[in-house]
Structures are given as structure tokens and as C-alpha cells.
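Take a look at the letters that make up each chain.
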Amino acid sequence: MERKFNNIVLEIIQGDITKQTGCDAVVNAANAELLPGGGVAGAIHRAAGPDLVKECIPLAPIKTGEAVITKAYNLPNKYVVHCLGPVYGKDKPENVLLSNCYVNALKIADENNVESIAFPAISTGIFGYPIEDAAEVSIKAIVDTTPILKKIKVIRIVLFDFDSFSIHKNVLEKF
Ligand code: AR6
């Protein structure tokens, strides 16, 4: 499903973040060291190839809520925006830190002339953020940031499984 905010399309789809052909940038749910890990980070580094980690190492460590941008190498995109989400129950306040990820990722992408960007559900896997709460925080952060974006025209949230997709769809329908 999709909605428009300030002439920017926000789409919610079920899919794989490494297969977002047609998106200028994809977002990585990274670790502070910007190394390959499990989940999204593992999948992105596997698909991008070993040059991605070489570009990442001098940019690390990053702080919770921060975003940095690299090239995307063998991914079907121009850029990867790496964000460190909060570990639920540890990094506080979780909602502010998670929101910062989305805002900072959109800002750095926009500054790099990105017109389309795809996000996974940051922090909702290994970092344990409850999916319903994360959907509320992420969609609000994205919608609230749309007025300041100059280049971005399409923002996509990519959910791996159907339940996560349905939850995000229900939250977006309320906006
Ligand atoms: N495409 C889209 N979504 C995915 C994919 C994929 N290929 N794979 C998993 N997800 P996670 P986090 C979903 O754990 O919670 C890493 O090891 C997944 O179902 O990747 O921010 C890093 O190195 C979940 O809903 O990210 C960090 O140490 C969401 O993406 C740590 O995990 C995020 O899951 C980051 O944890």
C-alpha cells in the first residue's frame, strides 16, 4: 500500500531489502562497527560483496541513531545508508533513538541527491524492538521529515514477513 505526504510517496511492501531494484539507496540495520552481522546487515554485506566492508571500516564506530552513507557495490542500488538502531531495553529513550535513525538516514540520503530509498524495520530483529511500537515510531518519523526533503520522492519500508507487513500497513492506514 502507499500514501502521499508532501508529494512524497510512502510505500509499504513485503520483500527483501537486498532486492530493491529501482531504489537509489537502501538502509542497513547496522552494528556500531559497520561489520557484516546477522539479519539485514549480513544480507546486505553478502549481496554487496567485500568492498562494502572496506569502505565501512574507516567510518566506524557510529553512535545509536546515527547514519552514514557508502556506495552499494554489487547491490542493485547506488548507496547504502547504515543506521545503528537502539537495543530495546538498553539504549534509552528507545523511541527517540529509533526515530533519529529514520530522520538522519533521510537527511543524509537527500543531501546525496537520492530520489528513492528503502528501509528495513530497524531494531525489530536481533535488537528486540516490538514491531507494533517500531512501526508507529518509524512511520511518524518518516512522515514528519517529509517537509524538509528536497530530492527524495519515494520512501519504501520493506518488511520481510507478512505479519510485520500487516502491522505497518495498519499503522500507515491511520495516518
Ligand atoms: N530484508 C528485509 N528485512 C529483513 C531481512 C531482509 N533481507 N532480513 C531480516 N529482516 P535485524 P536489528 C528483518 O536483526 O534488530 C545484525 O546482526 C527482520 O525480520 O537485521 O536492527 C547487526 O549486525 C527484522 O524485522 O536488525 C546488528 O548487530 C528487521 O529486518 C543487529 O543485527 C531488522 O532485523 C541489528 O539488529
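Scroll up to find the structure.
Overview of the structure. Please read all numbers here as calculations on a predicted model, not as lab measurements.

Turning next to the overall build of the chain. The number of helices and strands found in the chain is five helices and seven strands. Counting helices and strands in the order they occur from the N terminus, the chain gives β-β-β-α-α-β-β-α-β-α-β-α. Dimensions of the chain along its principal axes, counting C-alpha atoms only, are 40 × 35 × 30 Å. Relative to its full complement of 175 residues, the chain shows a buried share of 52%. A fraction of 68% describes how many contacts in the chain between residues 6 or more apart in sequence connect residues 24 or more apart. Taken as a whole, the chain presents about 8000 Å² of accessible surface, with 54% of it coming from carbon and sulfur.

What follows covers the nonpolar core. Ranked by size, the top nonpolar core spans 41 residues in total, and within it L10, V81, I117, F119, I152 and I155 carry the most contacts. Among residues more than four places away in sequence, those in contact with V81 are V26, V27, N28, A67, V68, I69, A105, I108, A109 and I117. By size, the runner-up hydrophobic cluster in this structure holds 18 residues, among which are A30, A32, L84 and A118.

Across the sheet, seven strands lie side by side as β1-β2-β7-β6-β3-β5-β4; this open sheet has mixed pairing. Edge positions in the sheet fall to β1 (2-5) and β4 (67-71), since each has one partner strand and no second. Along the sheet, successive strands turn relative to each other by an average axial angle of 25 degrees, direction set aside. Note that strand β3 (residues 25-29) and strand β6 (residues 116-119) share two bridges and pair parallel. Directly across from A25, in β6, lies its bridge partner I117. Of the strands in this sheet, β1, β2 (8-14), β6 and β7 (154-159) touch helix α4 (residues 131-145), which is tilted by about 160 degrees from β2.

Surveying the vicinity of the ligand reveals 19 residues, the closest of which are N31, G38, V40, S123 and T124. Within the contact set of the ligand, a nitrogen atom lies 2.9 Å away from a backbone nitrogen or oxygen of I17. Contact between the ligand and T124: an oxygen atom at 2.6 Å from a side-chain N or O atom of the residue. Bound to the protein, the ligand loses 88% of the 700 Å² it would expose on its own. Classifying every residue of the shell around the ligand by side-chain character gives 10 nonpolar, eight polar and one charged.

Disulfide: a covalent bond formed between the sulfur atoms of two cysteine residues. Inspection of the entire model under this criterion finds zero disulfides. The thiol of C56 is not disulfide-bonded; the next cysteine sulfur, from C83, is found 12 Å away. Look at C56 and you get buried, because its relative accessible area is 0%. For C101, which is in no disulfide, the shortest distance to another cysteine sulfur is to C83 and amounts to 4.8 Å. Looking at C101, the relative accessible area reads 0%, which means it is buried.

What counts and what doesn't
- Residues numbered from 1 in each chain as written.
- Predicted model: local features only at pLDDT ≥ 70, side-chain atom pairs only at ≥ 80, totals over all residues.
- Heavy atoms only, no water.
- Helix = DSSP H or I, 4+ residues; strand = E, 2+ residues; numbered from the N terminus.
- Buried < 20%, exposed > 50% of the residue type's maximum accessible area, 1.4 Å probe, protein only.
- Contact = heavy atoms within 4.5 Å.
- Areas by Shrake-Rupley, 256 points an atom, 1.4 Å probe, with all protein chains shown as cover.
- Core = buried A, V, L, I, M, F, W, Y, C linked by side-chain atoms within 4.5 Å.
- Pairing = 2+ DSSP bridges.
- Axes fitted to C-alpha atoms, helices over the stretch in contact; angles between N-to-C directions.
- Near = heavy atom within 4 Å.
- Polar contact = N/O pair within 3.5 Å; in protein donor to acceptor, adjacent residues only side chain to side chain.
- Nonpolar A, V, L, I, M, F, W, Y, C, P; charged D, E, K, R; others polar.
- Disulfide = S-S within 2.5 Å.

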